[in-house]
Amino acid sequence: MIREAAREDLDQILELYLYLHETDVPEKDEHMLKTWEKIISDPDHHLIVLEVDGRIVSSCVCVIIPNLTRYARPYAFIENVVTHEKWRGRGFASQCLAYAKELAVRENCYKMMLLTGSKDPATHRFYEFAGYNGSDKTAYIQWL
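What comes next concerns the included structure. Here the structure is a predicted model, which means the values were calculated and not measured. Along each chain, the written sequence defines residue order, and numbers are assigned to residues from 1. For a predicted model such as this one, the threshold for reporting local features is a pLDDT of at least 70, and the threshold for listing and counting side-chain atom pairs is 80 or more; totals across whole chains, interfaces and linings nevertheless cover every residue. Just so you know, side-chain values use all the structure's heavy atoms and leave hydrogens and water out.

A closer look at the environment of Asp136
- With respect to the helices and strands, the residue Asp136 is situated in the segment after α4 (121-129).
- Residues Asp136 and Tyr17 lie 119 residues apart in sequence; the distance between their C-alpha atoms is 29 Å. A run of H or I in DSSP counts as a helix once it spans at least four residues, and a run of E counts as a strand once it spans at least two, with each numbered from the N terminus.

Given below as structure tokens:
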């Protein structure tokens, strides 16, 4: 089952994020809970989850960003694409990305963007298969 995250999903999402780049599940302190409330309440912030037998095994984030160019059409930014290692290779992340694309189309976005820190050619092929390309733009990151 694919859907948008609900308030009660925080624990499972934080556990799933261990398969991104986290090394431990962060403490659910006041800052974490405030951030979660902000995310879950924002109509332009879509945390997409895919469940198998009641467990969240794959997810991505799709943020719709208002824009003044392209006839004031927004764009979508995709982040935190992740699947639990035991559930990889079954098309779950592809389903999450397809759901994100449906949201972006519904919101009249003119493009979707995604960044990956992975150097793995298989990861790049996965994103290309999902419809993204790495040749149109160049991304620059400034870590703060």
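Quick notes on the nonpolar core
- In this structure, Ile48, Cys60, Cys62, Ile78, Val81, Leu97 and Leu114 are the most contacted members of the largest nonpolar core, which totals 21 residues.
- When residues of this core are traced back to their parent elements, those giving at least two are β2 (45-52), β3 (55-65), β4 (75-83) and α3 (92-106).
- With seven residues, the single largest contributor to this core is α3.
- By the convention used here, residues are in contact when the closest approach between their heavy atoms is within 4.5 Å. Sequence-distant contacts of Cys60, defined by excluding residues within four places in its chain, comprise His46, Leu47, Ile48, Glu79, Asn80, Val81, Cys96, Leu97 and Ala100.
- The next biggest cluster of nonpolar side chains, apart from the first, holds 14 residues, and it includes Ile13, Met32, Ile40 and Val82. Residue types Ala, Val, Leu, Ile, Met, Phe, Trp, Tyr and Cys, when buried and joined through side-chain atoms within 4.5 Å, form a set referred to as a nonpolar core. Think of it in three bands: residues with accessible area under 20% of the maximum for their type are buried, residues over 50% are exposed, and the middle band is partly exposed, with areas taken using a 1.4 Å probe on protein chains only.

Here we look at the packing of aromatic side chains
- Each aromatic pair joins two rings of Phe, Tyr and Trp (for Trp, the six-membered one) with centres within 6.5 Å, and gets the label stacked for planes under 30 degrees apart, edge-to-face for over 60, and tilted for any other angle. Here the structure, examined in full by the defined rule, presents three aromatic pairs.
- A ring pair is formed by Trp87 and Phe92, whose centres lie 6.2 Å apart and whose planes are at 40°; its orientation type is tilted.
- The ring centre of Tyr75 lies 5.5 Å from the NZ or CZ of Lys111, which sits over that ring. In our convention, an over-ring charge means Lys NZ or Arg CZ found within 6 Å of a ring centre and within 35 degrees of that ring's normal.

Observations regarding helix α2 (residues 30-41)
- Multiply 1.5 Å by the residue count of a helix minus one, and that product is the helix's expected span. Between its terminal C-alpha atoms α2 stretches 16 Å, which fits the 16 Å expected from twelve residues at 1.5 Å a residue.
- Within the sequence span of α2, burial applies to Met32, Trp36 and Ile40. Buried residues of α2, viewed axially, fall in a sector of 60°; they line one side. Across α2 from its buried face, at more than 90 degrees, point the exposed residues Glu30, His31, Lys34 and Lys38.
- Of the surrounding elements, those touching the buried residues of α2 are α1 (10-16) and β2. By definition, the arc is the one covered by directions from the helix axis to the C-beta atoms.

By themselves, these are just geometric observations and shouldn't be taken as functional.
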